[in-house]
Amino acid sequence: LLMIGGIFLCYEGFEKIWHKFFHSSEDDAVEGAARKQRMNAMADPSIDAATLERDKIKGAIRTDFILSAEIVVISLGTMSTEPITQQIVSLSLLAIAFTVLVYGLVGAIVKLDDLGIRLRRNVKAGTRETVGQRFGAFILLGAPLMMKALSILGTAAMFMVGGSIIAHAIPAIEHVIAGWTASSGAFKGVLTTVLDGLTGVLVGAATLAIVSGIKMLLPRKKAAAAH
């Protein structure tokens, strides 16, 4: 389960990078239309924003679910020799923490732009803005920058976590990384993290190539079956 989750994280991370640098102009048009539709949904109450919101956070919830499962499996392995009561209590506390902190934080971040628009809704030309309205403007200006920063940090975390899991599960990779970092002294931890991240990038690239090849073959198989 750890290996599957680690490979999935690497695949998700590399897919983001590949899409960022190699997507087509058609994808740009689709993304632009989707972004415009979301903004219209926030401005126009008659548009069903709930469906758009679910599509927007679907990927984030899936990735967080994988990360949660990884931590649960690691925790179970760490407490495998402890009494069953202690395992139940510990995993229950972890479940509460994930639900409130991780998923709650994701929901709050996604709703930031909604909060900014709500605070700015009653602004009138020629009138003095209140503290809340100014704060709404600050949110609308800062939310896109924060989302970009979180996207970059989140992608890097996918590679480091997924690559670390895979490196520790495959002795050959672990021995190579240990040999390269043996003489790095105080920078051993940093260098190990970087090499784990590079391992994640390579695994993500290989997984994306395999998945893309399968997707290219499936339509041909369906077309051959139809004929």
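What counts and how
Residues numbered from 1 in each chain as written. Predicted model: local features only at pLDDT ≥ 70, side-chain atom pairs only at ≥ 80, totals over all residues. Heavy atoms only, no water. Helix = DSSP H or I, 4+ residues; strand = E, 2+ residues; numbered from the N terminus. Contact = heavy atoms within 4.5 Å. Salt bridge = Lys/Arg side-chain N within 4 Å of Asp/Glu carboxyl O. Buried < 20%, exposed > 50% of the residue type's maximum accessible area, 1.4 Å probe, protein only. Expected span 1.5 Å × (residues − 1). Bend = angle between axes of the 7 residues up to and from the residue. Axes fitted to C-alpha atoms, helices over the stretch in contact; angles between N-to-C directions. Left-handed = near helix turned anticlockwise from the far one by under 90°. Nonpolar A, V, L, I, M, F, W, Y, C, P; charged D, E, K, R; others polar. Parallel < 35°, antiparallel > 145°, perpendicular 65-115°, else oblique.

J.: Talk me through the environment of I139; I want residue IDs and the actual numbers.
T.: The residue I139 is located in helix α6 (residues 131–169) in this model. Counting along the chain gives 22 residues from I139 to I117, while the straight-line C-alpha distance between them is 8.8 Å. If we ignore the near neighbours within four places in the chain, the residues touching I139 are L112, L115, G116, L119 and P144.

J.: Now, about the pattern of salt bridges: what can you tell me, with residues and values included?
T.: Between side chains of opposite charge, pairing is possible as soon as their charged atoms come close. Taken as a whole, this structure holds 1 salt bridge when the rule is applied. The salt bridge partner of K111 is D114, with a shortest N-O separation of 3.7 Å. With relative accessibility at 43%, the residue K111 sits in the partly exposed group.

J.: Could you give an account of α6, naming the residues involved and the relevant values?
T.: Its 39 residues give α6 an end-to-end C-alpha distance of 53 Å, which sits within 8% of 57 Å, the value for a rise of 1.5 Å per residue. Along α6, the sharpest change in direction is near 35 degrees and occurs at G142; proline P144 comes one to four residues later.

J.: Can you explain the packing of helix α1 (residues 2–22) against α6? Please cite residues and give values.
T.: Axis separation between α1 and α6 bottoms out at 8 Å; the angle between their running directions is 145 degrees. The hand of the α1/α6 crossing is left-handed. For the pair α1 and α6, contact is made by L2, M3, G6, I7, L9, C10, E12, G13, F14, K16 and I17 and by T155, M158, F159, V161, G162, G163, I165, I166 and A169, respectively. Taken together, the residues that form the contact of α1 with α6 break down as 13 nonpolar, 5 polar and 2 charged.

J.: Give a detailed account of the packing of helix α5 (residues 112–120) against α6, specifying residues and quantitative values.
T.: For the pair α5 and α6, the least separation of the axes is 7 Å and the interaxial angle reads 155 degrees. By the angle class used here, α5 and α6 are roughly antiparallel. Crossing geometry of α5 relative to α6 is assigned as left-handed. Residues L112, D113, L115, G116, I117, L119 and R120 of α5 form the contact with α6, whose participating residues are G132, Q133, R134, F135, G136, A137, I139, L140, A143 and M146. The class makeup of the residues in the contact of α5 with α6 is 10 nonpolar, 4 polar and 3 charged.

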